[in-house]
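Notes for the structure review
These are the residues of each chain, in order.
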Amino acid sequence: MKFLSDKHLIKQLANLLFVIFFLRILVGAPVLAQIPQKPTPPKFVNDFTNTLSVSQQTTLEKKLVNYNDSTSTQILVVLISNLNGQNPSDFAFALGDAWGVGQKEKDNGLIILVKPKTNSSKGEAVIATGYGMETSIPDALAKRIVEDEMIPAFKNNDYYKGINNAIDAVINLASGNYKADQTEAETSPFLFLISVFAILFVIFIISASKNSDDINGNGGSGGKKNHNISSFLTGLWLGSLGSRSGSGSWGVFSGNSSGGDFGGFGGGSFGGGGASGSW
Amino acid sequence: MKKTFIIVAIIIVVLFGIYTFFKSSYNSMVKLDENVSEKWAQVENVYQRRADLIPNLVATVKGFAEQEREVLVGITEARAKASSMNINAENMTDANFKAFQEAQDQLTGALSRLMVTVERYPELKSDKNFQELQAQLEGTENRIAVERRNFNTATKEYNQTIRQFPKNILASWFGFEIKPYFEAVAGSDVAPKVAF
């Protein structure tokens, strides 16, 4: 009887633990707002509303990619049709943190968020500045850009003009504050040594397998296996080489495609700077 | 002879294991603790930023709306109270943290009352100086929300670590204590509605 009740107790305990475990998952789940997925390849101009034409998007994208190349400052443009009842500024900060707009040490990201006006809801415009942009674009100036450059154009339904003006104003204010790093010089000697060793290792394996082929003569599965391993290793090495050069942080310029022309977002963060307005 | 050697070796390995565990746990707790302090400094910064804005704001509003004395006095008093309350990340207790949050939330409330009052003064609303102060205040409230959230995240990470077995034993030995969070009081995490 005692044994039975013990067993019962253990079972109850297990159930309790189970419930606690799931509660913790529920509670621990980040209260993150519904942030749209980061596009792959990353783009600076993200129109989730189809307000801008393709050529307008391309023009803006090119401008922002160029600006990123020369200054490392990342300006993100987002048009979204529904904020799901969130405060537009909070949405912009959360998006900036989640996507990591701006460089990590400089936090020089900026977000221009627009929720176009619809029949049932008013339009919202936000300029959110990363920590590093707060000095060059203080809140009062951000407010002025929103009120003077963006909203008047938006009221005329000219979203392209409003966004383009805002970008120009931001670039104008931020000019000269940041410069792009020369990333080419950053190969560490350690990496270089590892590559040299890897090359030597591969050569060694290949020659060893050749030798064993020679020794074995027409020799069976042993030599063949060795050879497979060596070609596998060579492939692995070539593969890693390829992926390394592909993920370099200097964006590979690929002409006039509308995205993926820069090395990706840098992991900058946002501290609540900026301004917003509605119409 | 051989037996003693094995025993000594085992003892050394076990001691080393214990040492490594202590070291890594202690250091990780210190790191998380530092992180909370850093985030707390940011929270204080943004609250200070707001406190610095207020004299200017009050002076500007006074120029246009002298008769709103009650609201303005309310703000000045709430500011004085909030500024007098300084707590250190090291000696945070539930009580003094609560007092701090209450004082700051009162100031938030007083400011949002001011912003409602301002609606009745069109000249004030169109004053360039006031508009700029409004934009700064709005940005500061946003910053407060962000830094409070960051502080809560850091504190949560810290608290979770020091409460988990077996680190909780070490934490109590070394005096790592659970730190309080900001709670969302109705309206406190929402920037005062600033309408133009």
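Because the structure is predicted, anything quoted here is derived from the model rather than measured.

Before going further, it helps to examine the overall build of chain B. Helix and strand content of chain B: six helices and zero strands. Scanning chain B from its N terminus toward the C terminus, one meets helices and strands in the order α-α-α-α-α-α. Relative to its full complement of 196 residues, chain B shows a buried share of 40%. For chain B, restricting intrachain contacts to residue pairs at least 6 apart in sequence, the fraction spanning at least 24 positions comes to 81%.

This part takes up the confidence of the model for chain A. Residues and elements named next belong to chain A. Taken as a whole, chain A shows an average pLDDT of 76; of its residues, 65% reach a score of 70 or greater. Across residues 215-225, confidence stays below pLDDT 50; counting only partners more than four residues off in sequence or on other chains, it has five contacts. Counting contacts from residues 242-259, a segment whose pLDDT is below 50, to residues more than four positions away or on other chains yields 23 contacts.

Once that is clear, we can look at the pairing of strand 4 (residues 124-130) of chain A. Residues and elements named next belong to chain A. Taking burial as the measure, the seven residues of strand 4 include seven buried ones, the bulk of the element. Across the two faces of strand 4 the burial is the same, with Glu124, Val126, Ala128 and Gly130 and Ala125, Ile127 and Thr129 all buried. Summarising the sheet, strand 3 (residues 109-115) and strand 4 pair through six bridges and their orientation is antiparallel. Among the inter-strand pairings, Ile111 is bridged to a residue of strand 4, identified as Ala128. Bridge analysis of strand 4 against strand 5 (residues 270-278) gives seven bridges, and the strand direction is antiparallel. When the sheet's bridge partners are listed, Thr129 is paired in strand 5 with Gly273.

A full pass over the atoms with the stated rule returns 18 aromatic pairs over all chains. Measuring from centroid to centroid gives 6.4 Å for Tyr159 of chain A and Trp279 of chain A, while their planes differ by 50 degrees, and the two rings are tilted. Placement of the pair is Tyr159 of chain A in helix 5 (residues 159-174) and Trp279 of chain A in the segment after strand 5, with a sequence separation of 120 residues. Each of the two residues, Tyr159 of chain A as well as Trp279 of chain A, counts as buried. Cluster of aromatic residues (ring-pair linked, three or more members): Trp40, Tyr47, Phe97, Phe100, Phe151 and Phe182 of chain B.

Taken residue by residue, the interface counts 18 residues in chain A and 17 residues in chain B. When chain A packs against chain B, close to 1400 Å² is buried across both sides, 40% of that on carbon and sulfur atoms. Residue Asp139 of chain A is joined to Arg143 of chain B by a salt bridge in which the shortest nitrogen-to-oxygen separation is 2.6 Å. Counting every contact that joins chain A to chain B gives four residue pairs in polar contact (both at pLDDT 80 or more). Looking at the side of chain A that touches chain B, the elements with two or more residues in it are helix 1 (2-28), helix 3 (88-99), helix 4 (139-155) and strand 5 of chain A. Taken together, the residues that form the side of chain A that touches chain B break down as six nonpolar, seven polar and five charged.

What follows is about the packing of helix 1 (residues 2-64) of chain B against helix 6 (residues 167-174) of chain B. Residues and elements named next belong to chain B. Orientation of helix 1 relative to helix 6, taken along the N-to-C sense of each, is 70 degrees, at an axis distance of 10 Å. Between helix 1 and helix 6, the angle falls in the class roughly perpendicular. Considering only the axes of helix 1 and helix 6, their crossing is right-handed. For the pair helix 1 and helix 6, contact is made by Phe21, Phe22, Ser25, Tyr26, Ser28 and Met29 and by Lys167, Leu170, Ala171, Trp173 and Phe174, respectively.

Core analysis: the biggest nonpolar cluster contains 52 residues, and Ile111, Ile112, Leu113, Val114, Met150 and Ile163 of chain A have the highest contact counts within it. When contributions to this core are tallied by element, the ones reaching two or more residues are helix 2 (54-71), strand 2 (74-79), helix 3, strand 3, strand 4, helix 4, helix 5 and strand 5 of chain A. Sequence-distant contacts of Met150 of chain A, defined by excluding residues within four places in its chain, comprise Ile112, Val114, Ala125, Ile127, Ile145, Gly162 and Ala166 of chain A. Counting residues in hydrophobic clusters, the runner-up holds 23 residues, among them Ile54, Val71, Leu72 and Leu114 of chain B.

In this section: the pairing of strand 3 of chain A. Of all seven residues in strand 3 of chain A, seven are buried; the element is thus mostly enclosed. The β-α-β motif built from strand 2 of chain A, the intervening helix 3 of chain A and the parallel element strand 3 of chain A has right-handed crossover chirality.

Residues and elements named next belong to chain B. In this fold, Gln160 is placed in helix 5 (residues 128-163). By relative accessible area, which is 35% here, Gln160 ends up partly exposed. Gln160 sits 18 residues away from Ile178 along the chain, and the two C-alpha atoms are 9.0 Å apart.

Take a nonpolar patch on the surface next. A contiguous nonpolar surface patch, about 780 Å² in accessible area, is contributed by Phe5, Ile6, Ile7, Ile10, Ile11, Val14, Leu15 and Ile18 of chain B. On the basis of relative accessible area, Ile18 of chain B is assigned to the partly exposed category, the value being 42%.

This brings us to the environment of Glu44 of chain B. Residue and element names in this part refer to chain B. By secondary structure assignment, the location of Glu44 is in helix 1. Between the C-alpha atom of Glu44 and that of Asn86, which follows or precedes it by 42 residues, the distance is 8.4 Å. With residues up to four places along the chain from it excluded, the contact list for Glu44 reads Asn86 and Ile87.

This part is about the sheet that holds strand 3 of chain A. To summarise the sheet geometry, strands pair through backbone hydrogen bonds and adopt either a parallel or an antiparallel arrangement. Residues and elements named next belong to chain A. Strand order in the open sheet made by the five strands is 1-2-3-4-5, with mixed pairing throughout. Edge strands, defined here as strands with exactly one partner in the open sheet, are strand 1 (45-47) and strand 5. Each adjacent strand pair in this sheet contributes to an overall mean axis angle of 15 degrees, direction not counted. Each of strand 1 and strand 2 is contacted by helix 2, which is oriented at about 150 degrees to strand 1, the strand it contacts most.

Rules used throughout
- Residues numbered from 1 in each chain as written.
- Chains lettered and ligands numbered in written order.
- Predicted model: local features only at pLDDT ≥ 70, side-chain atom pairs only at ≥ 80, totals over all residues.
- Heavy atoms only, no water.
- Helix = DSSP H or I, 4+ residues; strand = E, 2+ residues; numbered from the N terminus.
- Buried < 20%, exposed > 50% of the residue type's maximum accessible area, 1.4 Å probe, protein only.
- Contact = heavy atoms within 4.5 Å.
- pLDDT = per-residue confidence, 0-100.
- Pairing = 2+ DSSP bridges.
- Phe/Tyr/Trp six-rings, centres within 6.5 Å; stacked < 30°, edge-to-face > 60°.
- Buried area = accessible area lost by both parts, 1.4 Å probe.
- Salt bridge = Lys/Arg side-chain N within 4 Å of Asp/Glu carboxyl O.
- Polar contact = N/O pair within 3.5 Å; in protein donor to acceptor, adjacent residues only side chain to side chain.
- Nonpolar A, V, L, I, M, F, W, Y, C, P; charged D, E, K, R; others polar.
- Axes fitted to C-alpha atoms, helices over the stretch in contact; angles between N-to-C directions.
- Parallel < 35°, antiparallel > 145°, perpendicular 65-115°, else oblique.
- Left-handed = near helix turned anticlockwise from the far one by under 90°.
- Core = buried A, V, L, I, M, F, W, Y, C linked by side-chain atoms within 4.5 Å.
- Right-handed = clockwise from strand over helix to strand, strands pointing away.
- Patch = residues over 30% accessible without salt bridge, like charges linked within 9 Å, V, L, I, M, F, W, Y side chains within 5 Å.
- Areas by Shrake-Rupley, 256 points an atom, 1.4 Å probe, with all protein chains shown as cover.

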